[in-house]
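An overview of the molecular structure
Here's the letter readout for the chains.
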Amino acid sequence: MLHETRREGVFAYLYTGPEALFCSFDCHYSTLEDALEDWAGEVEGLTELGDPLPGCQHDCPLPVRVKGRDRGASQWGQYEILENGEWKDFTP
């Protein structure tokens, strides 16, 4: 997954397989062109996703965040997902 930001450049998130929800490694690039050039031949088409919701994981295509992050009390390794406008416990 490639994630372009306005301030930080572009991140390439790498996954262990097509079903993985979180990346296992990431790379940083100054521009989208640099990222695309580096991964030319490795990517079979791109699907554009919207920006992640505030506080959500940038490397996950679903609206998932670290539990407690919204209150400044992050519980690392525990997650919640937004479903039907409500945050619910989530186990990847």
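Residues numbered from 1 in each chain as written. Predicted model: local features only at pLDDT ≥ 70, side-chain atom pairs only at ≥ 80, totals over all residues. Heavy atoms only, no water.

1. Overview of the state of the cysteines
Keep this limit in mind: What counts as a disulfide here is a pair of cysteine sulfur atoms lying within 2.5 Å. Working definition: with a 1.4 Å probe on protein chains only, accessible area under 20% of the residue-type maximum means buried, over 50% means exposed, and in between means partly exposed.
Tallying each qualifying case throughout the model produces 0 disulfides. Cysteine 27 supplies the cysteine sulfur nearest to cysteine 23, a cysteine that is in no disulfide, at a spacing of 9.5 Å. Since its relative accessible area comes to 18%, cysteine 23 is described here as buried. Unpaired in terms of disulfides, cysteine 56 finds its nearest cysteine sulfur in cysteine 60, a separation of 8.4 Å.

2. Considering a negative patch on the surface
Operational definition: Residues form patches when they are more than 30% accessible in relative terms and have no salt bridge. Like charges link within 9 Å. Nonpolar side chains (Val, Leu, Ile, Met, Phe, Trp, Tyr) link within 5 Å. Using a 1.4 Å probe, the Shrake-Rupley method yields the accessible areas, and only the shown protein chains count as cover for residues. Put simply, a salt bridge is a Lys or Arg side-chain nitrogen that is within 4 Å of an Asp or Glu carboxyl oxygen. All tallies of charge rest on Lys and Arg as positive and Asp and Glu as negative; His and the ends of each chain are not included. Think of each charge as sitting on NZ of Lys, CZ of Arg, CG of Asp or CD of Glu. A run of H or I in DSSP counts as a helix once it spans at least four residues, and a run of E counts as a strand once it spans at least two, with each numbered from the N terminus.
Taken together, the side chains of Glu4, Glu33, Asp34, Glu37 and Asp38 present a region of like negative charge at the surface. At 4 residues, the largest contribution of residues to the negative patch is made by helix H1 (residues 32–38). Counting through the fold element by element, glutamate 37 comes out in helix H1. What makes glutamate 37 exposed here is its relative accessible area of 63%.

3. Overview of the nonpolar core
The tendency in soluble globular proteins is for nonpolar side chains to be buried side by side. Quick reminder of the rule: Put simply, buried Ala, Val, Leu, Ile, Met, Phe, Trp, Tyr and Cys residues joined by side-chain atoms within 4.5 Å make one nonpolar core. Any two residues whose heavy atoms approach within 4.5 Å are treated as being in contact.
Among the nonpolar cores identified, the biggest contains 7 residues, and these are Phe22, Cys60, Val64, Val66, Tyr79, Ile81 and Phe90. Of all the secondary structure elements, the ones that give two or more residues to this core are strand E4 (64–66) and strand E5 (79–83). Among residues more than four places away in sequence, those in contact with isoleucine 81 are Leu62, Pro63, Val64, Glu86, Trp87, Lys88, Asp89 and Phe90.

4. Examining the packing of aromatic side chains
Which entries qualify depends on this criterion: Here a Phe, Tyr or Trp ring, Trp counted by its six-membered ring, pairs with any other such ring whose centre lies within 6.5 Å, and the pair is stacked when the planes are under 30 degrees apart, edge-to-face when over 60, and tilted otherwise. Sitting over a ring, as applied to charges here, requires NZ of Lys or CZ of Arg to be within 6 Å of the ring centre and within 35 degrees of the ring normal.
Applying the stated criterion to the full structure yields 2 aromatic pairs. Aromatic side chains phenylalanine 11 and tyrosine 13 sit 6.2 Å apart centroid to centroid with 10° between the ring planes, which places their arrangement in the stacked category. There is no split in this pair, since phenylalanine 11 and tyrosine 13 are both buried. Ring centres 4.8 Å apart and planes at 25° place the aromatic pair phenylalanine 22 and tyrosine 79 in the stacked group. With phenylalanine 22 in the loop between strand E2 (9–14) and strand E3 (25–29) and tyrosine 79 in strand E5, this pair connects stretches of sequence that are 57 residues apart. Across from the ring centre of tryptophan 87, 3.7 Å away, lies the NZ or CZ of arginine 65, which sits over that ring.

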